[in-house]
Amino acid sequence: GLPTNEAGDESPQVQDEFVQALKLMEDLPVWVVVRLCTNDDAVADFYNALDSLLELSLEVLDDQAGEAEEVVRYNKWLNYALPLHRCREVGCQHRLLDLLDERALTITEIKEFCKILWGAAIVN
């Protein structure tokens, strides 16, 4: 759900406090993964908007089926299976993993992605 205070209350002020707390981490070497467990559009919109508000390395993930729908929109060639989703959930950080559900990968990026999955020796 949306951020709450100690009493469990949601408000714009509580959301602002949450954002300010995240901003404290902007200069730290951290990768934050938010795993959404809801179909509530307001919640998803809030967390997806954080990416544009913060200079923080942030990944907002839906469940595997939801992410697969987003990935296939741009990269129809990729079978977005559970192991790949789990890698993203646990914070495997690579710019190509972040791009999968944002735009189609170029041919060069697809080759690089294959190297990530299977290793450079096999792909070359």
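Everything numeric in this text was worked out from a predicted model, so none of it was measured. (Residues numbered from 1 in each chain as written. Predicted model: local features only at pLDDT ≥ 70, side-chain atom pairs only at ≥ 80, totals over all residues. Heavy atoms only, no water.)

> Even after reading the chapter, I still don't get the pattern of salt bridges, so can you show me in this structure?
Oppositely charged side chains may form a pair once their charged atoms are brought near each other. A full pass over the atoms with the stated rule returns 8 salt bridges. A salt bridge links R35 to E89; the nearest nitrogen and oxygen atoms lie 2.5 Å apart. Note that R35 is positioned in strand β1 (residues 31-35) and E89 in helix α4 (residues 82-89), a separation of 54 residues in sequence. A salt bridge links R103 to E109; its shortest N-O distance comes to 2.6 Å. Residue R103 is classed as partly exposed on the basis of its relative accessible area, which comes to 32%. Where salt bridges share partners, they join E59, E67, R88 and D101 into one cluster. (Salt bridge = Lys/Arg side-chain N within 4 Å of Asp/Glu carboxyl O. Helix = DSSP H or I, 4+ residues; strand = E, 2+ residues; numbered from the N terminus. Buried < 20%, exposed > 50% of the residue type's maximum accessible area, 1.4 Å probe, protein only.)

> Help me understand the environment of V90, please; the structure alone is not making it clear to me.
Examined against the element boundaries, V90 turns out to sit in the loop between α4 and α5 (95-99). A sequence separation of 57 residues divides V90 from V33, and the C-alpha atoms of the two residues are 7.6 Å apart.

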